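Given next are the chains, with one letter for each unit.
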Amino acid sequence: MYSREIDGQALTLAPSGWTYRRTFVLYDKETGTLWYPDRGSLMGIQGKHFKRRLPMLESTDTKFNKWVKENPATKLMK
Amino acid sequence: MKTKLKRKWILFVILFAFAGLLLVSQSSGTAALKEGEKTYIVDQTGERWNITQAVSLGFNPRYFEFGIGRNAFTPLGEDNWQESPVDEYSQMRVIGITGNGEAHAYSIAKLWSHETANTHLGSQPIVAGY
């Protein structure tokens, strides 16, 4: 889970169709920058946002029944 | 004598197969196109991707794989939240996040097939991926 805001602009991140060392390479639809996970962030590896970072956000990998007990008003994407 | 010959033959076959595997594994990487100072890779749709800056960071074009095209997956978005009541006993695996007065859960199975979900946690734009 990452922030997708940079310089006040929201980016739309999508898979580029490429993997690099078995990890998906993403791109943003607004600038075409390629993004790759690196040290707790997504790093721009090619394009306008070269070397910029989108920070990772804290998240939990769990089961839904546990999650909803702690967060009864949760939204769900399934 | 016959046994020795047989052993040599088996050893030869094994070495030949190993050399073949090595050759295949070395040639399966993505070929890079060099144009002056720039480096490109080409995906299966024929689209050329400039990776010059990535290469300057140490990325090796050989390790870019698949290249199935930028439209192979449809990212999820705000239209994909479940509208119907949720089954609170479901044991499906999710990635959960809280903040800005909201809680989100994303089915990992769903993320597997779409790869990214672009949403907002309150006013903060976030992307979920798996």
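Above this note sits the structure.
Figured I'd write up the structure that's included with this text. (Residues numbered from 1 in each chain as written. Chains lettered and ligands numbered in written order. Predicted model: local features only at pLDDT ≥ 70, side-chain atom pairs only at ≥ 80, totals over all residues. Heavy atoms only, no water.)

## Re the overall build of chain A
Phase 1 of the analysis: When its secondary structure is counted, chain A shows one helix and 10 strands.
Phase 2 of the analysis: In chain A, the order of α-helices and β-strands from amino to carboxyl end is β-β-β-β-β-β-β-β-β-α-β.
Phase 3 of the analysis: A compact globule built from 78 residues would reach a C-alpha radius of gyration of about 12 Å, whereas chain A, at 15 Å, exceeds it by more than 25%.
Phase 4 of the analysis: For chain A, the spread of C-alpha atoms along the principal axes amounts to about 45 × 30 × 20 Å.
Phase 5 of the analysis: Counting the 78 residues in chain A, one finds 50% classified as buried.
Phase 6 of the analysis: In the structure as shown, chain A presents an accessible area of about 3,900 Å², 46% of it carried by carbon and sulfur atoms.
Phase 7 of the analysis: One finds the centroid of the 14 positive side-chain charges in chain A at a distance of 6 Å from the centroid of its 8 negative side-chain charges. (Helix = DSSP H or I, 4+ residues; strand = E, 2+ residues; numbered from the N terminus. Rg over C-alpha atoms; globule rule 2.2 N^0.38 Å. Buried < 20%, exposed > 50% of the residue type's maximum accessible area, 1.4 Å probe, protein only. Areas by Shrake-Rupley, 256 points an atom, 1.4 Å probe, with all protein chains shown as cover. Lys, Arg positive; Asp, Glu negative; His and termini not counted. Charge placed at Lys NZ, Arg CZ, Asp CG, Glu CD.)

## Section: the overall build of chain B
Phase 1 of the analysis: In terms of helices and strands, chain B carries three helices and eight strands.
Phase 2 of the analysis: When the helices and strands of chain B are read in sequence order from the N terminus, they spell out α-β-β-β-α-β-β-β-α-β-β.
Phase 3 of the analysis: Per-residue burial over chain B gives 32% buried out of 130 residues.
Phase 4 of the analysis: A fraction of 30% describes how many contacts in chain B between residues 6 or more apart in sequence connect residues 24 or more apart.
Phase 5 of the analysis: Of the roughly 8,500 Å² of accessible surface on chain B, 59% is carried by carbon and sulfur atoms. (Contact = heavy atoms within 4.5 Å.)

## Thoughts on the sheet that holds strand E8 (residues 53-55) of chain A
Phase 1 of the analysis: Here six strands make up an open sheet; going across it, the order is E8(A)-E7(A)-E6(A)-E5(A)-E4(A)-E4(B) and the pairing antiparallel. Every other strand in the sheet has two partners, leaving E8 of chain A together with strand E4 (64-66) of chain B as the edge strands with one partner each. Each neighbouring strand pair of the sheet contributes to a mean axis angle of 40°, computed without reference to strand direction.
Phase 2 of the analysis: Two elements, strand E5 (residues 23-28) of chain A and strand E6 (residues 34-37) of chain A, share two bridges in a ladder whose sense is antiparallel. Within E6 of chain A, the residue paired with Leu26 of chain A across the bridge is Trp35 of chain A. (Pairing = 2+ DSSP bridges. Axes fitted to C-alpha atoms, helices over the stretch in contact; angles between N-to-C directions.)

## Side note on the interface of chain B and chain A
Phase 1 of the analysis: Between chain B and chain A, the contact holds 65 residues from the first and 48 residues from the second.
Phase 2 of the analysis: Note on chain B versus chain A: buried area summed over both sides is about 5,100 Å², and carbon and sulfur give 63% of it.
Phase 3 of the analysis: For the salt bridge of Arg93 of chain B with Asp61 of chain A, the shortest nitrogen-to-oxygen distance reads 2.6 Å.
Phase 4 of the analysis: Viewed at the interface, chain A and chain B are joined by 27 residue pairs in polar contact (both at pLDDT 80 or more).
Phase 5 of the analysis: Among the residues forming the side of chain B that touches chain A, the class breakdown is 31 nonpolar, 24 polar and 10 charged.
Phase 6 of the analysis: Relative to strand E8 (residues 124-129) of chain B, strand E1 (residues 2-3) of chain A is paired through two bridges, and the arrangement is antiparallel. Bridge pairing in E8 of chain B places Ser3 of chain A opposite Ile126 of chain B. (Buried area = accessible area lost by both parts, 1.4 Å probe. Salt bridge = Lys/Arg side-chain N within 4 Å of Asp/Glu carboxyl O. Polar contact = N/O pair within 3.5 Å; in protein donor to acceptor, adjacent residues only side chain to side chain. Nonpolar A, V, L, I, M, F, W, Y, C, P; charged D, E, K, R; others polar.)

## As for the sheet that holds strand E7 (residues 116-121) of chain B
Phase 1 of the analysis: One open sheet accounts for three strands, arranged E1(A)-E8(B)-E7(B); its pairing is antiparallel. Each edge of the open sheet carries a strand with a single partner, namely E1 of chain A together with E7 of chain B.

## Section: the side chain of Thr19 of chain A
Phase 1 of the analysis: Within the secondary structure, Thr19 of chain A sits in strand E4 (residues 13-20).
Phase 2 of the analysis: If we skip the residues at most four places from it in the chain, Thr19 of chain A touches Phe24 and Val25 of chain A together with Tyr63, Phe64, Glu65 and Phe66 of chain B.

## A short note on the side chain of Asn118 of chain B
Phase 1 of the analysis: Within the element layout of this structure, Asn118 of chain B appears in strand E7.
Phase 2 of the analysis: On the basis of relative accessibility, which here comes to 7%, the residue Asn118 of chain B falls in the buried class.
Phase 3 of the analysis: A polar atom in the side chain of Asn118 of chain B sits 2.9 Å from the backbone nitrogen of Leu13 of chain A.
Phase 4 of the analysis: Every residue in contact with Asn118 of chain B, bar those within four places of it in the chain, is listed here: Arg4, Leu11, Thr12 and Leu13 of chain A together with Pro75, Leu76, Gly77, Glu78, Ile126 and Val127 of chain B.

## Focus: the pattern of salt bridges
Phase 1 of the analysis: What the rule picks out here adds up to seven salt bridges over all chains.
Phase 2 of the analysis: With its nearest N and O atoms 3.7 Å apart, the salt bridge here joins Arg22 of chain A to Glu65 of chain B. Note that Arg22 of chain A is positioned in the loop between E4 and E5 and Glu65 of chain B in strand E4, a pairing that runs across two chains.
Phase 3 of the analysis: Given the relative accessible area of 64%, Arg22 of chain A is considered exposed.
Phase 4 of the analysis: In this structure, Arg39 of chain A and Asp38 of chain A form a salt bridge, with 3.2 Å as the shortest nitrogen-oxygen distance.

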